[in-house]
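# An overview of the molecular structure
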Amino acid sequence: MLIAHISDPHVKLPGKLAYQRVDTAAMLQRCVAELLRLDPQPDLIVLTGDLTDFGQPEEYAHLKALLAPLAAPVLVIPGNHDEREALRAAFIDDGYLPASDFLQFAINERYPLRIVGLDTVVPQEGRGELCASRLAWLDETLARRPDRPTLLLMHHPPFTTGIGHMDDIGLTGGETFTEIVARHPQVELILCGHLHRNIQTDIAGTRVLTCPSPAHQVALDLRSDAPSCFRMEPPGYLLHWWHEGRIVSHSAVIGDYAGPYPFFDPDGALID
Ligand SMILES: [Fe+2]
Ligand SMILES: [Fe+2]
């Protein structure tokens, strides 16, 4: 099974730039075009939040139009830039989001991996939270299928990244979350967004990573007082390959680059 992971497209109204600089819609369009060129094609596409920049219904309509060319099913969770009810209204017909309350879900049997989506949103705030109710839901949901290898999706990562201004709007409730993950070793991998760059660590022996954005990247600045800045580094996405009981994660950059060039000539000799 091949899963394409996109995060933080921050789609705006048609014609509007993010931070008066970034054409996020055009950049998501390039990401979608690259995904469509992949062979083999992904079986599933997951988006880990900040789908839109301001959570407006018209932004979700724009996002859906940009994603429409994708052949594989798409699963979404919210980020701090999303608005829960506008997101729900836009995606409810896809059949996996609940009709009320937090935008959390479990897809149990449809894929070789069980997919559990979490909602870390605190309305009107940049930080994320897993409150007692959301943590209890997660613990019960995981306890129901201990036999199924599971992928968790959540926008705010459950670890301190070292990028000060992003950690200031990080996750509350991460300690209990880590204890829950420790109790459920079937969790193979935790996919996050929010950081607009690929960062990896593990919690309770489970790998957890953040995804680059198809648009702007958060500047790599590990000072605790790092100013809140982005850079137009090569945008990207991740490809997670579930194969022989292991998830292998590939980091891909989006854009036109020279190559591919052969290592060997037609006779099979290494090109000198
Ligand atoms: Fe974001
Ligand atoms: Fe975010």
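Residues numbered from 1 in each chain as written. Chains lettered and ligands numbered in written order. Predicted model: local features only at pLDDT ≥ 70, side-chain atom pairs only at ≥ 80, totals over all residues. Heavy atoms only, no water.

## What about the packing of helix H4 (residues 132–144) against helix H6 (residues 174–183)?
- Where H4 contacts H6, the two axes come as close as 10 Å, and the packing angle between them is 5°. Put simply, H4 runs roughly parallel to H6. Contacts between H4 and H6 pair Leu135, Leu138, Asp139 and Leu142 from the former with Thr176, Phe177, Ile180 and Arg183 from the latter.
- Looking at the contact of H4 with H6, its residues break down into five nonpolar, one polar and two charged. (Axes fitted to C-alpha atoms, helices over the stretch in contact; angles between N-to-C directions. Helix = DSSP H or I, 4+ residues; strand = E, 2+ residues; numbered from the N terminus. Parallel < 35°, antiparallel > 145°, perpendicular 65-115°, else oblique. Contact = heavy atoms within 4.5 Å. Nonpolar A, V, L, I, M, F, W, Y, C, P; charged D, E, K, R; others polar.)

## Let's talk about the coordination of the iron ion (ligand 1)
- Surrounding the iron ion (ligand 1) are the protein donor atoms Asp8 (OD), His10 (NE2), Asp50 (OD) and His196 (NE2), at 2.1 to 2.2 Å.
- Angles of 85 to 175° at the metal separate the four donor atoms of the iron ion (ligand 1), which places the site in the irregular class.
- Distance-wise, the iron ion (ligand 2) is placed 3.5 Å from the iron ion (ligand 1), both being coordinated by Asp50. Of this pair, Asp8 sits in the loop between strand E1 (2–6) and helix H1 (24–37) while His196 sits in the loop between strand E9 (187–192) and strand E10 (199–203), placing them 188 residues apart in sequence. (Donors = N, O, S within 2.8 Å, 3.2 Å for Na, K, Ca; no water. Tetrahedral: all angles 85-135°; square planar, octahedral: opposite > 155°, others 65-115°.)

## Some details on H1
- Between the first and last C-alpha of H1 there are 20 Å, a value that for 14 residues agrees with the 20 Å anticipated at 1.5 Å per step.
- Within H1, burial applies to Thr24, Ala25, Met27, Leu28, Cys31, Val32, Glu34 and Leu35.
- Against the buried residues of H1 lie E1, strand E2 (44–48), helix H2 (57–67), strand E14 (236–243) and strand E15 (246–253). (Expected span 1.5 Å × (residues − 1). Buried < 20%, exposed > 50% of the residue type's maximum accessible area, 1.4 Å probe, protein only.)

## Some remarks on the packing of H2 against helix H3 (residues 84–91)
- Taken N-terminus to C-terminus, the directions of H2 and H3 make an angle of 40°; their axes are 9 Å apart at the nearest point. One element, H2, and the other, H3, form an angle in the oblique class. H3 is crossed by H2, and the crossing has right-handed handedness. Along the contact surface, H2 presents Pro57, Tyr60, Leu63 and Lys64, while H3 presents Ala86, Leu87, Ala90 and Phe91.
- Here the contact of H2 with H3 is built from residues that sort into seven nonpolar, no polar and one charged. (Left-handed = near helix turned anticlockwise from the far one by under 90°.)

## Regarding the coordination of the iron ion (ligand 2)
- Coordination of the iron ion (ligand 2) by the protein is provided by Asp50 (OD), Asn80 (OD1), His155 (NE2) and His194 (ND1), with metal-donor distances spanning 2.1 to 2.3 Å.
- With four donor atoms in place around the iron ion (ligand 2) and angles of 88 to 162° between them, the coordination shape is irregular.
- Here the donor residues of the iron ion (ligand 2) share one chain and are spaced in sequence as D-x29-N-x74-H-x38-H.

## Looking at the sheet that holds E14
- Reading across the sheet, the five strands line up as E3-E2-E1-E14-E15 and stay open at both edges, with mixed pairing between neighbours. What marks the edges here is a single partner per strand, and that holds for strand E3 (74–77) and E15. Sheet twist, expressed as the mean angle between neighbouring strand axes with direction ignored, is 20°.
- By the bridge criterion, four bridges tie E1 to E2 in an arrangement that is parallel. Pairing of His5 across the sheet is with Val46, part of E2. (Pairing = 2+ DSSP bridges.)

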